[in-house]
Amino acid sequence: MRRRSFLFGLGAFASPALAQASPFPLGVASGCPRPTSVVLWTRAAMPGPMTWSIAEDEAMRRNLRNGSAVAEARWGNTVHVDIEGLKPGRPYWYRFTSNGQASEVGRTRTAPDFATNPETLRFAFASCAQYEHGYYAAYRHMANEQLDAVLFLGDYIYEASWGRNLVRRHDGGRATMLDEYRARYALYKSDLDLQRAHAAHPWIVTWDDHEVTGDYTNDIDQYDPDPAHFLVQRAAAYQAFWEAMPLSNTMRPQGPSLRLYNRYRFGDLAEVSVLDDRQYRSHHACRATLGRGKPLENCDERRDPGRTMLGREQEAWFADGMRGASARWNVLAQQTLMAEVDRGPGERHVYWADGWDGYPVARQRLLDAVAASPVKDTLVLGGDVHAFWAADLARDFASAKAPVVATEFIGGSITSQGPPQERLSRYAAKNPHIRAALGEVNGYGVVVLDAKKAAVSFRRLSDVRDPAASLSTLRRFVVERGRPGATPG
Ligand code: FE
Ligand code: CA
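Treat the numbers as computed from the prediction; the structure is a model and nothing was measured.

Conventions and cut-offs
Residues numbered from 1 in each chain as written. Chains lettered and ligands numbered in written order. Predicted model: local features only at pLDDT ≥ 70, side-chain atom pairs only at ≥ 80, totals over all residues. Heavy atoms only, no water. Pairing = 2+ DSSP bridges. Helix = DSSP H or I, 4+ residues; strand = E, 2+ residues; numbered from the N terminus. Axes fitted to C-alpha atoms, helices over the stretch in contact; angles between N-to-C directions. Contact = heavy atoms within 4.5 Å. Phe/Tyr/Trp six-rings, centres within 6.5 Å; stacked < 30°, edge-to-face > 60°. Buried < 20%, exposed > 50% of the residue type's maximum accessible area, 1.4 Å probe, protein only. Disulfide = S-S within 2.5 Å. Expected span 1.5 Å × (residues − 1). Donors = N, O, S within 2.8 Å, 3.2 Å for Na, K, Ca; no water. Tetrahedral: all angles 85-135°; square planar, octahedral: opposite > 155°, others 65-115°. Domains from an automatic or database assignment. Buried area = accessible area lost by both parts, 1.4 Å probe. Polar contact = N/O pair within 3.5 Å; in protein donor to acceptor, adjacent residues only side chain to side chain.

1. With respect to the sheet that holds strand E10 (residues 149-152)
And step 1. Read from one edge to the other, the open sheet built from ten strands follows the order E5-E2-E1-E11-E10-E9-E21-E22-E23-E24, with strand pairing classed as mixed. Both edges of this open sheet fall to strand E5 (78-83) and strand E24 (483-488), since each of them pairs with a single strand only. The mean inter-strand angle of the sheet, taken between neighbouring strand axes irrespective of direction, is 30 degrees.
And step 2. Relative to strand E23 (residues 471-480), strand E22 (residues 453-461) is paired through nine bridges, and the arrangement is antiparallel. Note that in E23 the partner of Ala454 across the bridge is Val479.
And step 3. Most of the contacts of helix H4 (residues 192-200) go to strand E1 (residues 28-31), to which it runs at about 45 degrees, and overall it touches E1 and strand E11 (202-205).

2. Some points on the packing of aromatic side chains
And step 1. Evaluation of the coordinates by the stated rule reveals 22 aromatic pairs.
And step 2. A centroid spacing of 6.4 Å and a plane angle of 55 degrees characterise the contact between Tyr136 and Tyr188, whose relative ring orientation is tilted. One end of the pair, Tyr136, is in the loop between strand E9 (121-126) and helix H2 (137-143); the other, Tyr188, is in helix H3 (residues 178-189), with 52 residues separating them in the sequence. Both residues of the pair, Tyr136 and Tyr188, belong to the buried class.
And step 3. Between Phe409 and Phe458, the ring centres sit 6.3 Å apart and the planes meet at 70 degrees, which makes this aromatic pair edge-to-face.

3. Topic: the state of the cysteines
By definition, a disulfide is the covalent link that joins the sulfur atoms of two cysteine residues.
And step 1. For the structure shown, the criterion picks out one disulfide.
And step 2. Bridging Cys286 to Cys299, the disulfide has an S-S length of 2.0 Å. Judged by the sign of its S-S torsion, about 100 degrees, the bond between Cys286 and Cys299 is right-handed. On the criterion of sequence distance, the pair formed by Cys286 in the loop between strand E13 (270-274) and helix H6 (288-292) and Cys299 in the loop between strand E14 (295-296) and helix H7 (311-323) is long-range, its members being 13 residues apart.
And step 3. Residue classification places Cys286 among the partly exposed positions, given a relative accessible area of 30%.

4. Things to note about helix H8 (residues 360-372)
Every α-helix carries 3.6 residues per turn, so stepping three or four residues along brings you back to the same face.
And step 1. Its 13 residues place the ends of H8 18 Å apart at the C-alpha level, agreeing with the 18 Å of an ideal helix rising 1.5 Å per residue.
And step 2. Taken residue by residue, H8 has Pro360, Val361, Ala362, Arg363, Leu366, Leu367, Ala369, Val370 and Ala371 as its buried positions.

5. Observations regarding the coordination of the iron ion (ligand 1)
Four donors placed tetrahedrally around a metal ideally meet at 109.5 degrees, and six donors placed octahedrally ideally meet at 90 or 180 degrees.
And step 1. Those donors, Cys128 (SG), Asp155 (OD), Tyr158 (OH) and His386 (NE2), are the protein atoms that reach the iron ion (ligand 1), and they lie 2.0 to 2.4 Å from it.
And step 2. Bound by four donor atoms, the iron ion (ligand 1) shows angles of 86 to 164 degrees at the metal and therefore irregular coordination geometry.
And step 3. Here the iron ion (ligand 1) and the calcium ion (ligand 2) are spaced 3.8 Å apart, and both take Asp155 as a donor. Of the two residues, Tyr158 sits in the loop between E10 and H3 while His386 sits in the loop between strand E17 (378-382) and strand E18 (388-394), which places them 228 residues apart along the sequence.

6. Observations concerning the domain arrangement of the protein
And step 1. Here the protein is described as being made up of domain 1 (1-110) and domain 2 (114-488).
And step 2. The straight-line distance from the C-alpha centre of domain 1 to that of domain 2 is 27 Å.
And step 3. Taken together, the contacts link 36 residues of domain 1 with 38 residues of domain 2.
And step 4. Regarding the contact of domain 1 and domain 2, the summed buried area is about 3100 Å², with carbon and sulfur atoms giving 54% of it.
And step 5. Where domain 1 meets domain 2, there are 18 residue pairs in polar contact (both at pLDDT 80 or more).
And step 6. Put simply, the parts of the chain that give the side of domain 1 that touches domain 2 at least two residues each are E1, strand E2 (38-43), E5 and strand E8 (106-109).

Here it is as structure tokens:
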């Protein structure tokens, strides 16, 4: 049933001129895959009624169900349909229709049933898609992967322009209001390669900072340290995020709050814990947010045990999940680099305030929960740093003898510009638990899980500035079950 490129050789995607006239100009998407349910998504050009249908075949002949939905202006003309009663572990095809005009057909896939033991699972993991920095060829290639789901790990949009040698431009300035965030999602989603990646696979999503604003922490950001004011902006950004993503109706934002953290189980092979390390975290240590620079040196506050990355509730939920875990693999889908990176030149010790390094005691608690799980094989997947990283996560980064409890991979960036390789190589040399830090390339990661191992491939684009860029594999790693740590594969 798994066929590559099923949609894309058939002219299913209209030319840009025709797409303009489509009642669904941003395409279709699906997400939140569970054994018997999935969420279907689209955004209508105009508010009003539409119908959806889901079928067992690509040609939509074995129609399973139809329904109606209403695109409401107050939710940005988006429609989220929670489809229940599906069969586990199989593909489905779906489309929307309005006034006799149909959307393209999207493909989705339910998760395998809890009680089954799938032979393999395949996930892409990706982050950081600054529209101005490059074309979305990586998304086009992702559409052609065989996947159970895409794990999107944050910075789907950027609220503001930045970078050098831009290939295309945002059509607005810094987004702070609901209509500005909506327009930013509409611009990014107007890209047909992104539409293809959504139409080809169900997505499981989390966010990082730029869905709201760069390096915000909980209720303040560097431009707006007044929580009462900033939370109005956060509410707008969270609403626009919910509107734009294939998220369940049960996850609608409540004012400035949106519960995004969640667990997804794929048979007995993997349990994916999606984390949110932005909404509930402590502010940057040593007031790093407020114009004093993000690198922290000699900052005792960093080690304050009261500091949190996930917030008390999510932390307890996570520890509970780890205690009760029973799949072969625990997969953490989260947004920022978890491995400690001492960035100081020579004898100096310098840590980045905005990543897990700004919250080392909270990280320790998280890794303690991972180590206490009856499931001994844990992968941490992340984004944010605009480079490919592989790292061994030990309970004590300072000791070479400390046991490794999890293995971390970061799958580059779809487009966003990152640090020079020379700097990354310096970090890797100073921090021996870093097994790779590869920059100046763009792409995404693919992880293939089976009962014996996790095989991770770093997929690299030939040139992010070329809309027709090709894809190749930059590096492969293997994590064997029972032996955490990244080894070249
Ligand atoms: Fe980013
Ligand atoms: Ca980020």
